[in-house]
Amino acid sequence: MLPGVYFARKKSGENYYRASVTIGNKHISLGSFDDENRAHAAYKTAIALSKDREKNIEDYPGDCPLSFKKWVVLINYRDNGMYIKTPIYLKEKFFYYYFAPEDYLIFDSDEMFYYSNHSIMRRGGHLFVADFGMQVNILNRYGIKNFAVAGRDYIFINGNNTDFRSANIRIINSYQGVREYTDKNKTLYETKIHIRGDVLVGRYPDEVSAAVAYNKAVDILRVKGIDKNYVKNYIVELETDEYLNIYKNVKISRGIIRYQ
């Protein structure tokens, strides 16, 4: 058997080959291969990469026997002395999470532990991780709801929508059905709820009142037999008596009250 290569057999009875390498004191798996020579080529590439500091992530060749993920893992280990199983490259106060040589996200160093244990998946422009058996949108970690729309409910301050450092994300609208707007240089909050189309609930001086108004509109509609699996707003900063006081006094449009 060639160096760095191990023979194995699938449950179906098919043969395959595993490659691994030891660099420093770290034993690193390089993956599975159908061909022994390809597995050995991955081993030799890993050895060469660990010694060649001229090779960067962007230099990944199209015919490389190593997966791109392993390429990133090995370069990060070579340059930073830390083995991370996900395709992360560490910088001083942030890190890159790579999908391809020119395709990556940027995160604060504080997020490194989480993303070293959670692989990011991308589907239809959405970014998810598998967490406790569920697909969780990574925006949830910033308090951004699943229904949020970039540019309307939150913005990337520097204009780079791959930069997920916390200082670069500003949440504009935190609650379901609530939108911030400006009228005569004054910030107000408009609440709408979707029935057959969007129906105005009301306009309010603060975001919390607007969020409570949405919940009150949901309750009114449910009494009328209209229930579209609305998700109510959870307002963590309010004590129960404070919430009930706002709920009692917040005004709801006649369009909701009279809706049939």
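In the block above lies the structure referred to throughout.
Attention in this report is confined to the structure presented alongside it. (Residues numbered from 1 in each chain as written. Predicted model: local features only at pLDDT ≥ 70, side-chain atom pairs only at ≥ 80, totals over all residues. Heavy atoms only, no water.)

Here we take up the sheet that holds strand β3 (residues 26–33). By definition, the strands of a sheet pair up through backbone hydrogen bonds, in either a parallel or an antiparallel sense. Pairing within the open sheet is antiparallel, and its three strands lie in the order β1-β2-β3. Looking at the sheet topology across the chains shown, the edges are occupied by β1 (5–9) and β3. Neighbour to neighbour, the strand axes of the sheet diverge by 30 degrees on average, direction disregarded. Examined bridge by bridge, β1 and strand β2 (residues 15–23) share five bridges and lie antiparallel to one another. Of the residues in β2, the one forming a bridge with Ala8 is Tyr16. Sheet contacts for helix α1 (residues 36–51): β1, β2 and β3; angle to β2, the most-contacted strand, approximately 15 degrees. Helix-sheet contacts for helix α2 (residues 68–80) involve β2 and β3, and the interaxial angle to β3 is about 165 degrees. (Pairing = 2+ DSSP bridges. Helix = DSSP H or I, 4+ residues; strand = E, 2+ residues; numbered from the N terminus. Axes fitted to C-alpha atoms, helices over the stretch in contact; angles between N-to-C directions. Contact = heavy atoms within 4.5 Å.)

With that settled, consider the packing of aromatic side chains. One pass over the full model with this rule turns up 18 aromatic pairs. Aromatic side chains Tyr60 and Trp71 sit 5.4 Å apart centroid to centroid with 70 degrees between the ring planes, which places their arrangement in the edge-to-face category. Of the two residues, Tyr60 is situated in the loop between α1 and α2 and Trp71 in helix α2; the sequence distance between them amounts to eleven residues. On the basis of relative accessible area, Trp71 is assigned to the buried category, the value being 3%. Here Tyr97 and Phe99 contribute two aromatic rings whose centre-to-centre distance is 5.7 Å and whose plane-to-plane angle is 55 degrees, an arrangement assigned as tilted. A residue is classified by how much of its surface remains accessible, and Tyr97, at 3% relative accessible area, is buried. Grouped by ring-pair contacts, the aromatic residues Phe95, Tyr97, Phe99, Phe107, Tyr114, Tyr115, Tyr142, Tyr154, Phe156 and Phe164 constitute a single cluster. When the ring centre of Tyr114 is taken as origin, the NZ or CZ atom of Arg141, which lies over that ring, is 3.6 Å away. (Phe/Tyr/Trp six-rings, centres within 6.5 Å; stacked < 30°, edge-to-face > 60°. Buried < 20%, exposed > 50% of the residue type's maximum accessible area, 1.4 Å probe, protein only. Lys NZ or Arg CZ within 6 Å of the ring centre and 35° of its normal.)

It is the contact of α1 with α2, at a shortest axis distance of 9 Å, that shows an interaxial angle of 35 degrees. Regarding α1 and α2, the two cross each other, and that crossing is right-handed. Residues Thr45, Ala46, Leu49 and Ser50 of α1 touch α2, and the partners they reach there are Trp71, Leu74, Ile75 and Arg78. Split by residue class, the contact of α1 with α2 holds five nonpolar, two polar and one charged. (Left-handed = near helix turned anticlockwise from the far one by under 90°. Nonpolar A, V, L, I, M, F, W, Y, C, P; charged D, E, K, R; others polar.)

This part covers unusual backbone geometry. For residues other than glycine, phi is negative in most cases, and the peptide bonds are mostly trans. The phi dihedral of Phe132 is positive, around 55 degrees, even though this residue is not glycine. Mapped onto the elements, Phe132 comes out in the loop between β8 (126–131) and β9 (134–137). Residue Phe132 is classed as exposed on the basis of its relative accessible area of 81%.

Locating Asp131 in the fold gives a position in strand β8. With near-sequence residues (within four places) excluded, Asp131 lies in contact with Tyr114, His118 and Val136.

Taken as a whole and assessed by the stated rule, the structure comprises twelve salt bridges. Between Lys192 and Glu190 there is a salt bridge whose closest N-O contact spans 3.8 Å. Classification of Lys192 by relative accessible area gives partly exposed; the value is 36%. Judged by its relative accessible area of 17%, Glu190 falls in the buried class. The residue Asp219 makes a salt bridge to Lys232 at a minimum N-O spacing of 2.6 Å. (Salt bridge = Lys/Arg side-chain N within 4 Å of Asp/Glu carboxyl O.)

The antiparallel open sheet is built from three strands, whose spatial order is β7-β8-β9. Both outer strands of the open sheet, β7 (120–123) and β9, are each paired with one neighbouring strand and no more. On average, each strand axis in the sheet is tilted by 40 degrees relative to the strand beside it, whichever way the strands run. The pairing of β8 with β9 spans four bridges and is classified as antiparallel. Bridging from a neighbouring strand, Phe128 pairs with Asn137 of β9.

Here we take up α1. If you check α1, its first and last C-alpha atoms are 23 Å apart, about what 16 residues at 1.5 Å a residue would give, namely 22 Å. For α1, every residue scored as buried is listed here: Ala39, His40, Ala42, Ala46 and Leu49. The inward-facing, buried residues of α1 contact β1, β2, β3 and α2. The distance from a side-chain oxygen at the start of α1 to the backbone nitrogen of Asn37 is 2.9 Å, and the residue carrying that oxygen is Asp35. (Expected span 1.5 Å × (residues − 1). Polar contact = N/O pair within 3.5 Å; in protein donor to acceptor, adjacent residues only side chain to side chain.)

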